[in-house]
Amino acid sequence: MIRSAPTPRELLEIAVEVARDGAATAHRMRAEGVSVAATKSTVTDVVTAADRAVERQVLDALRTRRPGDAVLGEEFGAGPAGDGGVRWIVDPIDGTVNYLYGLPYCAVSLAAEVDGEVVAGVVRNVATGEEWTATAGGGAWRDGERLRCSTETDLGQALVATGFGYDAGRRAHQARVVAELIPHVRDIRRMGAAALDLCLAAEGRVDAYYEKGLAAWDLAAGGLVAREAGLLVTGLSGRPPGPDLVIAAPPALFEPLHTRLAALDASGGP
């Protein structure tokens, strides 16, 4: 028997509680010392013991609170399909390299998806405790403050965040795109955690963001925060956001940024 899905607010309450506990574990493990446990796509694409511990903790917590739900996690992949109508998408530590080096720009990201639509999400910075939340139709928030995206209208004055993949060929292509884009914007920021980049764009601490190669766990919670703050979050040429490209920009900046990125083949390369 399929249960009716809870409200986005109810799902968010679960997500916030679970993400806070996960972030506390990551913070404690970082203080105790952290090392590389494994690598994934390349030798620079690292996994720490904390990534695995936090994801296992999140999975156990969700199984206790919502035993009929499915879960998609970065480290352990997709669990069995549930009958609850809800799928949770978790990135236990977004910005693992920053975490490894002790840079304060990494986060636990957790989103709830109902019938293929992300309806609730939380991103919590492990180092600082900053926390961004959103529900579908309910707005984006940080520390009780409703978030609104940048009001910048001139691409030439826009601070644009981006990121790079781990494959050397992909990085080379992305570097060429940045080199051609940077004369047309205020500046570029590359901080190393996609979920946090999307949240910063949501509150106008950067004006826009784009990146190739995002997985579902990179995008789910931060993408909802960005959309609920008024950003357009899409791929190129009307395609949905995904591994090929994600663009998150205010309406006034979206078209000029999209035009530049399309001309530069930002979704191309390896």
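Structural data are supplied above this passage.
Residues numbered from 1 in each chain as written. Predicted model: local features only at pLDDT ≥ 70, side-chain atom pairs only at ≥ 80, totals over all residues. Heavy atoms only, no water.

### Side note on the nonpolar core
Stage number 1. Among the nonpolar cores identified, the biggest contains 38 residues, and Val-123, Trp-132, Tyr-209 and Val-225 are the most heavily contacted of them.
Stage number 2. Listed by contribution, the elements that provide at least two residues to this core are β6 (107–114), β7 (117–125), β8 (131–135), β11 (159–162), α5 (194–202), α6 (216–228) and β15 (246–249).
Stage number 3. Among the elements that make up this core, the one with the highest residue count is α5 (eight residues).
Stage number 4. When residues no more than four places from it in sequence are discounted, the contact partners of Val-225 are Trp-132, Thr-133, Ala-134, Ala-140, Leu-147, Cys-199 and Ala-202.
Stage number 5. Grouped together as the second largest cluster of nonpolar side chains are 31 residues, Leu-11, Val-86, Leu-110 and Val-114 included. (Core = buried A, V, L, I, M, F, W, Y, C linked by side-chain atoms within 4.5 Å. Buried < 20%, exposed > 50% of the residue type's maximum accessible area, 1.4 Å probe, protein only. Helix = DSSP H or I, 4+ residues; strand = E, 2+ residues; numbered from the N terminus. Contact = heavy atoms within 4.5 Å.)

### Structural notes on the sheet that holds strand β3 (residues 70–73)
Paired through backbone hydrogen bonds, the strands of a sheet run either parallel or antiparallel to each other.
Stage number 1. The sheet built from eight strands is open, its strands ordered β4-β3-β5-β6-β7-β8-β9-β10 with mixed pairing. Edge positions in the sheet fall to β4 (77–78) and β10 (145–146), since each of these pairs with one other strand and no more.
Stage number 2. Sheet analysis places strand β5 (residues 86–94) next to β6, joined by seven bridges and oriented antiparallel. Residue pairing in the sheet places Ile-89 in a bridge with Ala-111 of β6. (Pairing = 2+ DSSP bridges.)

### Some thoughts on helix α4 (residues 168–181)
Stage number 1. The end-to-end C-alpha separation of α4 is 20 Å, in line with the 20 Å expected for 14 residues at 1.5 Å each.
Stage number 2. When we look at burial in α4, the residues that qualify are His-173, Gln-174, Val-177, Val-178 and Leu-181. Projected down its long axis, α4 shows its buried positions confined to an angular sector of 140°, all on one face. In α4, those exposed residues whose orientation departs by more than 90 degrees from the buried face are Ala-168 and Arg-176.
Stage number 3. Where the residues of α4 are buried, they touch β11, β12 (187–190), β13 (208–211) and α7 (251–263).
Stage number 4. A side-chain oxygen of the first residue of α4 lies 3.0 Å from the backbone nitrogen of Gly-169; this N-cap is Asp-167. (Expected span 1.5 Å × (residues − 1). Arc of directions from axis to C-beta. Polar contact = N/O pair within 3.5 Å; in protein donor to acceptor, adjacent residues only side chain to side chain.)

Any functional reading would require information beyond the geometric quantities listed.
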